Amino acid sequence: MSLNFFSMSVKKNFALILILSVLFLSSRESDAQKGSGTRIEYTISMENPNNHYFHVSLTYSGLRDKSVELKLPAWTPGYYMILDYAKYVIEFKASYGSGRILDWKKTSKNRWKIDTDKTDVLKVSYDVFAFRTSVADSFLDDGRGFISPTGIFMHPAGQKDHPVTVTIIPYEKFTEISTGLDPVPGRADTYSASDFDVLYDCPVLAGNQEILKFETGGIPYTIAAEKLGNIDRSKLVEDFKKIVETATSVIGEVPYKHYTFIMMNRGMGGLEHTNSMAVFTNRLDFNSTELSDGWLSFIAHEIFIINCSTF
């Protein structure tokens with residue numbers, strides 16, 4: 001091997017090492033920025049439920065930009081319609097963490113642009129009117145607080161992949177919160193989502209629903225149901241378990257670590273989600289001791305569709 005060839009090889013290897021080092025350091029810097037970067041935390045409360053307004057507070061920490069545009073979707077997962085959620089938003093306010101008011105303007109019907117002036121902590125609040133009985137719409141009165149997330153939680157435009165934390169402050173007479181979101185250990189009524197797509201796919205029911213539980217295939221299932229009447233609870237659990245086991249035997253695996261059946265009394269229809277469903281039981285015969293075959297077929301449809309569509 002000639003000295004020149006050796007020198008060229010060393011130079012090429014050195015250049016390659018230098019490039020890889022730069023890429024590695026850039027990656028480390030990017031990861032560090034992600035690890036110590038922005039945090040998005042929501043709190044939603046319902047102090048006066050018969051006014052039908054959810055109060056929403058957002059704390060957005062670690063900002064570096066001169067402005068932030070918050071966006072409310074016009075859709076909800078699994079629902080085949082364009083929806084005008086933005087029309088229900090009132091009392092929008094934005095401020096520094098210290099409380100000083102920030103300027104903002106609407107750039108379209110579902111976008112709010114805030115001049116953040118490179119503040120490190122942005123606080124936003126608004127109210128959402130919720131009085132439509134639908135699996136795609138939020139609803140609030142003194143009997144139920146149903147949260148359809150796309151109509152409640154704004155995301156920073158272009159940053160739907162950002163992790164988010166949500167704290168639910170239920171009406172004082174509500175005893176239960178049911179959702180497919182993951183609870184945050186050590187924080188009461190607080191849940192996390194790896195990104196806004198996960199958050200948007202997890203409806204929330206706050207109320208006095210009855211809770212039934214079972215496990216199959218090593219996965220816990222929760223039935224959160226309003227007004228089951230004279231239904232035989234053990235038979236209901238047995239039927240739901242049979243539905244799950246039959247559906248999963250066809251697919252072979254499931255796309256979730258836990259699953260929640262949200263069953264509300266007043267209303268009609270149902271909507272499947274990745275690890276939950278929201279359905280109305282208005283047609284149930286409350287004098288019956290078990291669900292009809294037609295009703296069980298409805299539940300089977302909702303859980304089987306999501307198992308199939310995920311793979």
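Check the entry above for the structure.
Residues numbered from 1 in each chain as written. Predicted model: local features only at pLDDT ≥ 70, side-chain atom pairs only at ≥ 80, totals over all residues. Heavy atoms only, no water.

**A look at a nonpolar patch on the surface**
As a reminder, the rule being used: Candidate patch residues must exceed 30% relative accessible area and have no salt bridge, after which like charges are joined if within 9 Å and Val, Leu, Ile, Met, Phe, Trp or Tyr side chains if within 5 Å. Surface accessibility follows the Shrake-Rupley procedure with a 1.4 Å probe radius. Residue values consider only the protein chains on display as shielding. Criterion for a salt bridge: a side-chain nitrogen of Lys or Arg within 4 Å of a carboxyl oxygen of Asp or Glu. By definition, any uninterrupted DSSP run of H or I lasting at least four residues is a helix, any uninterrupted run of E lasting at least two residues is a strand, and each is numbered from the N terminus. Exposure is judged per residue with a 1.4 Å probe applied to protein chains only, and the accessible area is read against the type maximum: over 50% gives exposed, under 20% gives buried, and values in between give partly exposed.
The grouping of Tyr53, Ile90, Phe129 and Phe131 at the surface amounts to a nonpolar patch, some 320 Å² of accessible area in total. By secondary structure assignment, the location of Tyr53 is in strand β2 (residues 53-61). Exposure remark for Tyr53: the relative accessible area of 31% places this residue in the partly exposed category.

**Description of unusual backbone geometry**
A positive phi angle, close to 55 degrees, is found at Asp189, a residue other than glycine. In this fold, Asp189 is placed in the loop between β13 (182-183) and β14 (190-193).

**Points about the pattern of salt bridges**
With the rule as written, the count across this model stands at 8 salt bridges. With a shortest N-O distance of 3.8 Å, Arg187 and Glu41 are connected by a salt bridge. With a gap of 146 residues between them, Arg187 in the loop between β13 and β14 and Glu41 in strand β1 (residues 39-45) connect regions that are remote in the sequence. For Arg187, a relative accessible area of 39% corresponds to the partly exposed category. Classification of Glu41 as partly exposed rests on a relative accessible area of 25%. With its nearest N and O atoms 2.9 Å apart, the salt bridge here joins Glu226 to Arg144. Pair noted here: Glu226 is in the loop between β17 (219-225) and α3 (233-251) and Arg144 is in strand β9 (residues 144-147), with a separation of 82 residues, a long-range link. According to the relative accessible area criterion, Glu226 is buried, its value standing at 10%. Look at Arg144 and you get buried, because its relative accessible area is 1%.

**Describing α3**
Selection criterion: Expected helix span is computed as 1.5 Å times (number of residues minus one). Directions from the helix axis toward the C-beta atoms define the arc.
In this model, α3 (19 residues) spans 27 Å end to end at C-alpha, consistent with the 27 Å of a helix rising 1.5 Å per residue. Among the residues making up α3, those that are buried are Leu236, Val237, Asp239, Phe240, Ile243, Val244, Ala247 and Thr248. Angular distribution of buried residues about the axis of α3 spans 165 degrees; they occupy a single face of the element. Across from the buried face of α3, at angles greater than 90 degrees, the exposed residues are Ser234 and Ser249. Phi turns positive, to about 100 degrees, at Gly252, one or two residues after α3.

**Description of the sheet that holds strand β18 (residues 259-264)**
Threshold: Pairing between strands is defined by DSSP: at least two bridges between the two strands are required. Between N-to-C directions, angles cover 0 to 180 degrees, with each direction set by a line fitted to C-alpha atoms, over the stretch in contact for helices. In this description, contact between two residues means that some pair of their heavy atoms is separated by no more than 4.5 Å.
Spatially, 5 strands are ordered β16-β17-β18-β20-β19 in an open sheet, and the strand pairing comes out mixed. Where the open sheet ends on each side, the last strands, each with one partner, are β16 (210-216) and β19 (270-272). Averaged over all adjacent pairs, the angle separating strand axes in this sheet is 15 degrees, with direction ignored. Examined bridge by bridge, β19 and strand β20 (residues 276-280) share 3 bridges and lie antiparallel to one another. Across the sheet, the residue bridging to Gly270 is Val279, located in β20. Packed onto the sheet, α3 meets β16, β17 and β18 and runs at close to 45 degrees relative to β16.

**Some remarks on the sheet that holds strand β12 (residues 176-179)**
In spatial order, the strands read β8-β9-β15-β12; together these 4 strands make up an open sheet with antiparallel pairing. Across the chains shown, the open sheet's two edge strands, defined by having one partner strand only, are β8 (139-141) and β12. For this sheet, the mean inter-axis angle between neighbouring strands, taken without regard to orientation, is 15 degrees. Where β8 meets β9, 3 bridges bridge the pair, whose relative direction is antiparallel. Counterpart to Leu140 in the pairing with β9 is Gly145.

**Some details on the packing of aromatic side chains**
Test applied: Centres within 6.5 Å are what make two rings of Phe, Tyr or Trp a pair, Trp counting through its six-membered ring; a difference in plane orientation under 30 degrees is then read as stacked, over 60 as edge-to-face, and the rest as tilted. For a Lys NZ or an Arg CZ to count as sitting over a ring, it must be within 6 Å of the ring centre and within 35 degrees of the ring normal.
Counted according to the given criterion, the structure contains 19 aromatic pairs. Seen in terms of ring centroids, Tyr171 and Phe174 are 5.2 Å apart; in terms of plane orientation they differ by 85 degrees. Their pairing is edge-to-face. Look at Phe174 and you get buried, because its relative accessible area is 7%. Judged by centre distance (4.9 Å) and plane angle (65 degrees), the ring pair of Phe240 and Phe261 falls under edge-to-face. Taken as a pair, Phe240 in helix α3 and Phe261 in strand β18 lie far apart in primary sequence, 21 residues in all. There is no split in this pair, since Phe240 and Phe261 are both buried. Following the ring pairs from residue to residue traces out a cluster consisting of Phe214, Tyr221, Phe240, Tyr256, Tyr259 and Phe261. The positively charged end of Arg144 is found above the aromatic ring belonging to Phe139, 5.5 Å away from the centroid.

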